[in-house]
Each structure stands twice: as structure tokens, then as C-alpha cells.
Amino acid sequence: QQQVKQSPQSLIVQKGGIPIINCAYENTAFDYFPWYQQFPGKGPALLIAIRPDVSEKKEGRFTISFNKSAKQFSLHIMDSQPGDSATYFCAASIEGGSQGNLIFGKGTKLSVKP
Amino acid sequence: DVKVTQSSRYLVKRTGEKVFLECVQDMDHENMFWYRQDPGLGLRLIYFSYDVKMKEKGDIPEGYSVSREKKERFSLILESASTNQTSMYLCASSPNLGRVGSYGYTFGSGTRLTVV
């Protein structure tokens, strides 16, 4: 119930491609879904987040698509660049409860080839 | 620039040693967290704290303890280090839910601990 399942574990795309990372959850009480980006040697940093009252959110080349009925959300990176190579984590939380502890997926290592 | 600072980037300790990992945040956040990160296992929560002198067990607390004597500082303690505690340790902080503004965790850069 508290898990967030993330796939794929790793992903290789060519520059300009559109990598897609998928996450699924079971707990319908989750109401906040952030994505974190982690570069080697750094801690994860908040990239973009969505709440379930919208189906899509864009920030620059990054888009979250959210499907409430399927309990799935995904990250799309448009026109991907080698500088996007990083590990991406999806997460979910219940903002109104338990101090909103984030439940993280296991991460996706993205490599964008020049 | 707001920060979560972890005192060491790299540490090498011997089996059986008592190890202290320190984390300080300058954002006046109420909540602080310790995670360990291992390949293929993602981020696993060890302990967290909602307030000074408060602590709660996460998913993998065995072999660890924590201390939070001041709001800005959260320490992770390995009572008797073992080789299976070799890992990347990440500290994070977040505001209480009722605070106006963006919600999210701010992570430190991590401490890579090797136990030999």
C-alpha cells in the first residue's frame, strides 16, 4: 500500500529523444507526487511536482503526466540533452498526514548519449 | 542559498567503531530525515525527526540511532559499524505541512561511508 513502483531501472536514449519514466502507486490517499533529480556526487533535488487535481504539468522540457484512475504518473523529458543524464526518483506523500513523509521509488538511471 | 550540510563527504571507518554522521540545515525546517542510498535499492529511510528531541524509526533503523538536540542539527549514529553499513548516507529536511510556500525535501550532498 505504501510502495511506489518505478520503471525502468535504467534508460539510455540519444540526444533529442524523449525518455519516459513511469511510476505506479496503490494508496489512493496520496496527494502529492514530486520528482527528484540526482547528479553523481550530489543529493537529490526537487525537479517538478504535481497534485492530483491536474492531469499534466510542464516546467521547461520536463512534463509530468498523471492518471488518477490508473494510479500512475510519469515523467517525460522533451529534447533530452547529455546534461539530463542523472538518476530520477519519483515519490508520493499524503500532505495531510504523518508529516507528509515522502515514499520514494527505487530510481531510474538515465543516460543521454550525444 | 538554503542548505543542508553534511559534515563529511567521505569517511572510512573500521568494523566495530562508533560512527557519527552530522547534518545541519539553515532553513529553520522542523522535519529532518536520514536515508541510505544503495544501487538498485533506491532511498531507504533510516530515521526521521519532527521536532527537537523527537525521533521516529523509518524503514531500516536497525544498527542506527539518532540525536536531535537542536532544531538545525540531526545526527546519525552507527553504534558499532559493520561492513553491511557501507553506503551513501543522505540527510534531508522539510518544513511542516502547514507552512506557506513550496513543499519538498532539501537534501545534503551525502556522506559516502566505507566500513572496512
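That block above? That's the structure.
(A) Region of interest: the overall build of chain B. When its secondary structure is counted, chain B shows zero helices and 11 strands. If you list the helices and strands of chain B from N to C, you get β-β-β-β-β-β-β-β-β-β-β. For 116 residues, the compact-globule estimate of 2.2 N^0.38 gives 13 Å, and the C-alpha radius of gyration of chain B, at 14 Å, lies within 12% of that figure. Seen along its three principal axes, the alpha-carbon backbone of chain B occupies a region of about 45 × 25 × 25 Å. The 116 residues of chain B split such that 50% are buried. In chain B, the share of contacts with a sequence separation of at least 24, taken over all contacts with a separation of at least 6, comes to 56%. With an accessible surface of roughly 5700 Å², chain B has 49% of that area assigned to carbon and sulfur atoms.

(B) Geometry of the interface of chain A and chain B. Facing 22 residues of chain A, the contacting portion of chain B comprises 21 residues. Among the residues making up the side of chain A that touches chain B, the classes are represented as seven nonpolar, 11 polar and four charged.

(C) The sheet that holds strand 1 (residues 4–7) of chain A, seen in detail. All names here are of chain A. Taking strand neighbours across the sheet as the criterion, the five strands line up as 1-3-8-7-6 in an open arrangement whose pairing is antiparallel. Among the strands making up the open sheet, the edge pair consists of strand 1 and strand 6 (56–59). The sheet shows a mean angle of 15° between the axes of neighbouring strands, taken without regard to direction. With four bridges joining them, strand 6 and strand 7 (residues 62–67) adopt antiparallel strand pairing. The residue of strand 7 that forms the bridge with Glu59 is Phe62.

(D) Focus on the state of the cysteines. Residues and elements named next belong to chain A. Tallied over the full model, the rule gives two disulfides over all chains. One disulfide in the model links Cys23 with Cys90; its S-S distance is 1.9 Å. Taking the sign of the S-S torsion, about -100° here, the bridge from Cys23 to Cys90 comes out left-handed. Of this pair, Cys23 sits in strand 3 (residues 20–25) while Cys90 sits in strand 9 (residues 86–92); the two residues are 67 residues apart in sequence, bridging distant segments of the chain. Accessibility classification places Cys23 together with Cys90 in one group, the buried group.

(E) Focus on the layout of surface pockets. For the second largest pocket, the calculated volume is near 180 Å³. Contributing elements (two or more residues each) for the lining of the second largest pocket: strand 4 (33–38) of chain A together with strand 10 (106–107) of chain B. When its residues are assigned to classes, the lining of the second largest pocket shows five nonpolar, six polar and one charged.

(F) Summary view of the sheet that holds strand 3 (residues 19–25) of chain B. Residues and elements named next belong to chain B. Strand order across the open sheet formed by four strands is 1-3-8-7, with antiparallel pairing between neighbours. Of all the strands in the sheet, just strand 1 (4–6) and strand 7 (64–70) have a single pairing partner and so form its edges. Direction aside, neighbouring strands of the sheet carry axes that sit 20° apart on average.

Thresholds, definitions, all that
- Residues numbered from 1 in each chain as written.
- Chains lettered and ligands numbered in written order.
- Predicted model: local features only at pLDDT ≥ 70, side-chain atom pairs only at ≥ 80, totals over all residues.
- Heavy atoms only, no water.
- Helix = DSSP H or I, 4+ residues; strand = E, 2+ residues; numbered from the N terminus.
- Rg over C-alpha atoms; globule rule 2.2 N^0.38 Å.
- Buried < 20%, exposed > 50% of the residue type's maximum accessible area, 1.4 Å probe, protein only.
- Contact = heavy atoms within 4.5 Å.
- Areas by Shrake-Rupley, 256 points an atom, 1.4 Å probe, with all protein chains shown as cover.
- Nonpolar A, V, L, I, M, F, W, Y, C, P; charged D, E, K, R; others polar.
- Pairing = 2+ DSSP bridges.
- Axes fitted to C-alpha atoms, helices over the stretch in contact; angles between N-to-C directions.
- Disulfide = S-S within 2.5 Å.
- 1 Å grid on protein atoms, 1.4 Å probe; cavity = no way out; pocket = protein on both sides within 12 Å on 5 of 7 lines; lining within 4 Å.
- Points joined across faces, edges and corners; volume = space filled by probe spheres on them.

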